[in-house]
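Listed here are the chains, written in short residue letters.
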Amino acid sequence: MAALGWLTPRRRSATARSVLAGEASAEAARKSSQETATPEEPVFPVIGDDRAAAFFDLDNTVMQGAALFHFGRGLYKRKFFETRDLARFAWQQAWFRLAGVEDPEHMQDARDSALSIVKGHRVAELESIGEEIYDEYMADRIWPGTRALAQAHLDAGQKVWLVTAAPVEIAQVIARRLGLTGALGTVAESVDGVYTGRLVGEPLHGPAKAEAVRALAAAEGLDLSRCAAYSDSHNDIPMLSLVGHPYAINPDAKLRRHAREQDWRLRDYRTGRKAAKVGIPAAAGVGAVAGGTAAAIALSRRRR
C-alpha cells in the first residue's frame, strides 16, 4: 500500500512564497479583465442638462413617409383639389418610399402643388384641419423607437424640436400632439391670415436646417456640443454635424455610409431584412402606395 501513497493527496501548508504567487496571479487576472472589458457607455441624455436639446427630422425619422403627402390626402378628402392632383401626390410618395431618399425635383413639385392648393385659404382653417388629419393619417405612422428617443430627452428635462421642410403649421401640429417643445418648418407667406401661395425665403431643407438649429440654439442659450440631432437623410448631414451627439435613424445609403465613417450612432426601426440593408420600406408598404397610385390614376381616367 505504501507504493500507492503518491496517489493520496497530501495536506501541505501554504508557504509564504505560494501565498505571494497566488495573490500575484489573482491581481494579474483582475487587471486583465478590466483592460479587456467593454467600457460602459455614458448615460445619455444627461438629466438636468438645460443647455442641451434634441432636434429631430420628421419624414421617415419620426414618421413613416412624408408629412406633406399625408396632409395632401386629408385635403383631398375635404375637396381641396381634384383626383389628378392626388395621383401626383401618390406618385411622389411612392417614389420617396421606393428610393428611400429625397429628390430635389420631386420635393419642389410637391411644394409647388401644396402652395397652389392652400392659396387663398385661411391659416387658422389649415391649422384646424391639420389636427384632424394627424388623427386620420399620421398618428399610426409614428415610429415608436424614435418616439422613445424623443421622450428620453423630455424626461431628462430637455427641449425637443422637430426640424423639417414640411410646412411649419403641419410640423407644429405633430410636435404638439407628440408633446414636444415645438417645430421649425418651411414658412408659407400669409397676408391678413390668408395664404398667398408663396414661401417666405426658401424651404427649410439641407443646409437651411443647420442654420435654423444654429439660430435657435443661440436664442435659447444652448451648447450645441451637448445637443443631439436625429435624421434619416444624407441631406441633413449639415445639421447632424452641428451637434455633439448625431444619430442616423432609418438611414439612407449615403447617410449610413457617412455615419459609419464618422462613428455616429445608428438606429433602424424599419421591418424586413431588405429594408435594413438598402434603406427602403418593406415590400408590402411599397405595394400599398403603388396600388393607391394606380387606383387614383384609374379613377381619374374614368372621370374624364
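About the cut-offs
- Residues numbered from 1 in each chain as written.
- Predicted model: local features only at pLDDT ≥ 70, side-chain atom pairs only at ≥ 80, totals over all residues.
- Heavy atoms only, no water.
- Salt bridge = Lys/Arg side-chain N within 4 Å of Asp/Glu carboxyl O.
- Helix = DSSP H or I, 4+ residues; strand = E, 2+ residues; numbered from the N terminus.
- Buried < 20%, exposed > 50% of the residue type's maximum accessible area, 1.4 Å probe, protein only.
- Pairing = 2+ DSSP bridges.
- pLDDT = per-residue confidence, 0-100.
- Contact = heavy atoms within 4.5 Å.
- Axes fitted to C-alpha atoms, helices over the stretch in contact; angles between N-to-C directions.

### A few points about the pattern of salt bridges
Under the defined criterion, the tally for this structure stands at 15 salt bridges. Two residues, Arg-78 and Glu-132, come together in a salt bridge whose shortest N-O distance is 2.9 Å. One end of the pair, Arg-78, is in the loop between helix H2 (67-77) and helix H3 (83-99); the other, Glu-132, is in helix H5 (residues 123-138), and 54 residues separate them in sequence. The class of Glu-132 is partly exposed, set by a relative accessible area of 38%.

### As for the pairing of strand S4 (residues 188-191)
In this sheet, strand S5 (residues 194-199) lies alongside S4 in antiparallel orientation, the contact comprising 3 bridges. Bridged to Ser-190 within S5 is Tyr-195. Between the antiparallel neighbours S4 and S5 lie 2 residues, among them Asp-192 with a positive phi of about 55°.

### Some words on the confidence of the model for the chain
In this model, the chain carries a mean pLDDT of 77, and residues with pLDDT of at least 70 account for 64%. Overall, residues 1-10 carries pLDDT values under 50, and its contacts beyond four positions in sequence, including any with other chains, amount to 0 contacts. Note that residues 273-304 has pLDDT below 50 and, in this model, 38 contacts with residues that lie over four places away or in other chains.

### Some words on the sheet that holds strand S2 (residues 159-167)
Reading across the sheet, the 6 strands line up as S3-S2-S1-S6-S7-S8 and stay open at both edges, with parallel pairing between neighbours. One side of each edge strand has no neighbouring strand; the edge strands of this open sheet are strand S3 (182-186) and strand S8 (265-267). Going from strand to strand, the sheet's axes swing by 20° on average, the running direction of each strand aside. Sheet topology note: the strand S6 (residues 228-231)/strand S7 (residues 245-249) ladder contains 4 bridges and is parallel. Residue pairing for S7: Ser-231 is matched across the bridge by Ala-248.

### Some remarks on unusual backbone geometry
Positive phi, close to 65°, is recorded for Asn-60, a residue that is not glycine. Despite not being glycine, Asn-250 shows a phi value in the positive range, around 45°. If you trace the backbone, Asn-250 turns up in the loop between S7 and helix H10 (253-262).

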